[in-house]
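A structural walkthrough
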Amino acid sequence: LHFRPVTGLEVNSSQVALGDQMSTARLQFGVAPSVSPVLPKTNLLRYDFDQLGISLVGTDDVIAIVLAGKNAPGLSLREVGVGNRAHQIRVGMSTKELDELMQDSDYDFRQLTDPGINYRFYKDLGVAILVHDGLIVEVVISQIPKENTGLI
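Residues numbered from 1 in each chain as written. Predicted model: local features only at pLDDT ≥ 70, side-chain atom pairs only at ≥ 80, totals over all residues. Heavy atoms only, no water.

**What to know about the sheet that holds strand β4 (residues 45-49)**
The criterion, for reference: If DSSP finds at least two bridges between two strands, the strands pair. Under the scheme used here, helices are H or I runs from DSSP no shorter than 4 residues and strands are E runs no shorter than 2 residues, and both carry numbers assigned from the N terminus. Angles run from 0 to 180 degrees between N-to-C directions of axes, and those axes are lines fitted to C-alpha atoms, restricted for helices to the stretch in contact. Throughout, a contact is declared for two residues whenever any of their heavy atoms are within 4.5 Å.
What the 8 strands build is an open sheet, ordered β3-β4-β5-β6-β12-β11-β10-β9; its pairing is antiparallel. The open sheet has two edge strands, β3 (34-37) and β9 (108-110), and neither has a second partner. The mean inter-strand angle of the sheet, taken between neighbouring strand axes irrespective of direction, is 25°. Sheet topology places strand β10 (residues 119-122) next to strand β11 (residues 127-132); 3 bridges connect them, and they run antiparallel. Across the sheet, residue Phe121 finds its bridge partner in β11, namely Ala128. In this fold helix α2 (residues 95-102) packs onto β10, β11 and β12 (135-142), with an angle of close to 15° to the strand it touches most, β10.

**Quick notes on the environment of Phe121**
Structurally, Phe121 is set in strand β10. Distance from Phe121 to Leu98, taken between C-alpha atoms, is 13 Å for residues 23 residues apart in sequence. With sequence-adjacent residues up to four places away left out, Phe121 is seen in contact with Asp106, Tyr107, Asp108, Arg110, Gly126, Val127, Ala128, Ser142, Gln143 and Ile144.

**Considerations on the environment of Asn84**
Counted only if it meets this: The rule is simple: take the accessible area with a 1.4 Å probe, protein chains only, and divide by the maximum for that residue type; under 20% is buried, over 50% is exposed, in between is partly exposed.
Looking at where Asn84 falls in the secondary structure, it is placed in the loop between β7 (75-78) and β8 (86-89). The class for Asn84 is partly exposed, based on a relative accessible area of 26%. Linking Asn84 and Leu52, residues 32 residues apart in sequence, is a C-alpha distance of 27 Å. For Asn84, the residues in contact, after removing those within four places along its chain, are Arg4, Arg78 and Glu79.

Written out as C-alpha cells, the structure reads:
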C-alpha cells in the first residue's frame, strides 16, 4: 500500500495542519492547553491538550502535531489512487498491526528531542512513530530534516 503524505490532523470539526499559525491552531480544540518549553534557551514551545491526547509544537507556526496517551485520536492514512481508502494508525496499536499496514513502506530511525529515543520516521508520509514494548506510544506528524539533528 502507498499512502498520501500527512500534513495535518482532523479531530471532530477541528483541523490543524503543519505550518498553521500557532496562535490560531491552539484555539481549534476549545480547551486551554498547558504550555512548556521544548528545548532550553529556545522559543520552541509545546502546547499539551492532555484531555485530547494531542500536543502542538512550534514557535509562531505549528511544526509538529503529537498524538500520545489513552485519549489520542487515530491518525487516518489515505491510500494513493482512486479508491482513496483510509486506514488508522493509533496509540496502543501493536507493531505487528503497524507492520502489516505499512508493508514495504520505508522508514529510518530519527531522534526528535531526546538523542536516546529513536522514532520510526516514514519520510514519504511525514509521520514518526515511537514504539515501546511492541506497542505504538506516540505518533508525530512533522517533517524531520535528513540530518539526525532532530526537529522538536
